[in-house]
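Summary of the model geometry
Residues per chain, in single letters:
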Amino acid sequence: MSFAQTLSLARPIPSGIPSADDFSVSTAETILNSTDIPEGSVLVKLTALSADPYMRSGVKTGKAGDVIRGFVTGTIVESNGNSSWSVGDTFGAHLPFTSIQVVDPAKTAFGMWPLKNFLTEQNIQLGLGLFGMPGSTAYGGLIDILQPLQGETIFISAASGAVGSLVGLLAKKMYNCRVIGSAGGPEKCKVLLDLGYFDAALDYKQHSTADSLTESLKKAAPDGIDMYFENVGGIHFDAAFRSLRTKGRIAICGCISQYNKGADEPSGNTIDISAMIYTQQRIQGFLCGEYLKGAKLNFFEDIARLYSSGQIKLPSDTVFNGIESWPEGFASLFTGKKMGKVVVKLS
């Protein structure tokens, strides 16, 4: 007999920082043999769960009892007639947060992508970061959306996080950009500079207004910026837009400063769209799915090549243990008490 644990929403969280009381963990008996698995499906055991800022919108509007869903890594326990997956294979996917479950790979949101060719059991958590949603977001947002030219200047908000730090690395390694990052506090700024590919780090906690942050950004980039990778919103967007050069580009990845606000609370951002006509600037939102699924570019191959050559150096993950610790890990995204990727290990 085996038991699966499931993480659910205890109540919707319309505003504010989520807490442990907003979630619940249940335990139920589960199957562990192929005779109970539908044809073409697989039985999987999850090894790690991701906590990501975008998930805030789901728990804002969800209902009590909704199972939390997100990006995971796991191992195939049984396979019933699915030639693509064998027992012992490791994978990444977007699934319900249930530790043991039956999955039809063809019906998952992003499909299931194999990790055995890139990672071992010892570093499988990279399937949630570098080889997962954050990695594909950084890769596609930089290469496809911003389309850097050699030597251009890029500004990245939330640069010590899983997405922002990789954007900085790729911008430096692939395009020799001048890379400016924003992070919260002197310790995180020091981490960015110690990575070796950020040319300047701005401590956003020293700035309460867009005017103040703009001045700091202008000191780091006196001639302005060519690209902005947006993870935060608020005063970061205003400062970046004011500093954007002719033919500058902004990639909208996330707006974490807005996620804990109520539905009727405005973002506060305003832009003068008429100014974009003669400057020929571009602002574009995007999703990671087409890069993660291989529909555009060559995410896994390109990242694997950089990783195997030893060129990847990122901030250490923030790791929590046990499904019951996921709410704490999730809250850390909004309190600044984390570095790099937030990972919750199940085994």
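Once a new chain begins, its residue numbering starts again from 1 and follows that chain's sequence as written. Residues qualify for local features only when their pLDDT is at least 70, as the model is predicted, and side-chain atom pairs are given and counted only at 80 or more; totals for whole chains, interfaces and linings, by contrast, use all residues. Where side-chain values are given, they derive from all heavy atoms of the structure, hydrogens and water being excluded.

Labelled according to an unreviewed UniProt entry, the protein chain appears under the name Enoyl reductase (ER) domain-containing protein, originating from Triparma retinervis.

1. As for the pairing of strand E8 (residues 153-156)
Residues Thr153 and Phe155 point to one face of E8 and Ile154 and Ile156 to the other, with burial holding for every one of them. If DSSP finds at least two bridges between two strands, the strands pair. Helix and strand assignments come from DSSP, with helices taken as H or I runs of at least 4 residues and strands as E runs of at least 2, each series counted from the N terminus. Pairing of E8 with strand E9 (residues 178-183) involves four bridges; the strand directions are parallel. Note on E9: the bridge partner recorded for Thr153 is Arg178. Handedness of the β-α-β unit built from E8, helix H3 (residues 162-175) and E9 comes out right-handed. By the bridge criterion, three bridges tie E8 to strand E11 (residues 225-230) in an arrangement that is parallel. Within E11, the position partnered with Phe155 by the bridge is Tyr228. Think of it in three bands: with a 1.4 Å probe and only protein chains considered, a residue is buried below 20% of the maximum accessible area for its type, exposed above 50%, and partly exposed in between. Looking down the strands as they point away from you, a crossover is right-handed if its path from the first strand over the helix to the second goes clockwise.

2. Observations regarding the domain arrangement of the protein chain
What fixes the domain bounds is an automatic or database domain assignment. The domains assigned to the protein chain are domain 1 (2-130 + 316-345) and domain 2 (133-289). The distance between the C-alpha centroids of domain 1 and domain 2 comes to 29 Å. Contact with domain 1, which involves 22 residues of that partner, is made by 16 residues of domain 2. Across the domain 1/domain 2 interface, buried area totals approximately 1500 Å², and carbon plus sulfur atoms make up 63% of it. In short, buried area is how much 1.4 Å probe accessible area vanishes from two parts on joining, totalled over both. The largest per-residue losses of area from domain 1 upon contact with domain 2 belong to Lys60, Leu130 and Met339, which jointly make up 27% of the total buried on that side. Polar contacts here mean pairs of N or O atoms no more than 3.5 Å apart (in protein, one a potential hydrogen donor and the other a potential acceptor; neighbouring residues in sequence count only if both atoms are side-chain atoms). Put simply, domain 1 and domain 2 have eight residue pairs in polar contact (both at pLDDT 80 or more) between them. Every element with two or more residues in the side of domain 1 that touches domain 2 is listed here: helix H1 (56-61) and helix H10 (326-335). Residues are sorted three ways: Asp, Glu, Lys and Arg are charged, Ala, Val, Leu, Ile, Met, Phe, Trp, Tyr, Cys and Pro are nonpolar, and all the rest, Gly among them, are polar. Tallied by class, the residues present in the side of domain 1 that touches domain 2 amount to twelve nonpolar, five polar and five charged. When checking whether two residues touch, look at their non-hydrogen atoms; a contact exists if any pair is within 4.5 Å.

3. A closer look at the nonpolar core
General note: in soluble globular proteins, nonpolar side chains tend to be found buried as a group. Core analysis: the biggest nonpolar cluster contains 49 residues, and Phe131 and Ile154 have the highest contact counts within it. Elements supplying a minimum of two residues to this core: helix H2 (133-146), E8, H3, E9, helix H4 (186-195), E11, helix H8 (289-292) and helix H9 (299-308). The two domains that each donate at least three residues to this core are domain 1 (2-130 + 316-345) and domain 2 (133-289). When sequence neighbours within four positions are dropped, the list of residues in contact with Ile154 reads Leu142, Leu146, Val167, Ala171, Cys177, Arg178, Val179, Ile180 and Met227. Definition used in this section: a nonpolar core is a set of buried Ala, Val, Leu, Ile, Met, Phe, Trp, Tyr and Cys residues joined via side-chain atoms within 4.5 Å.

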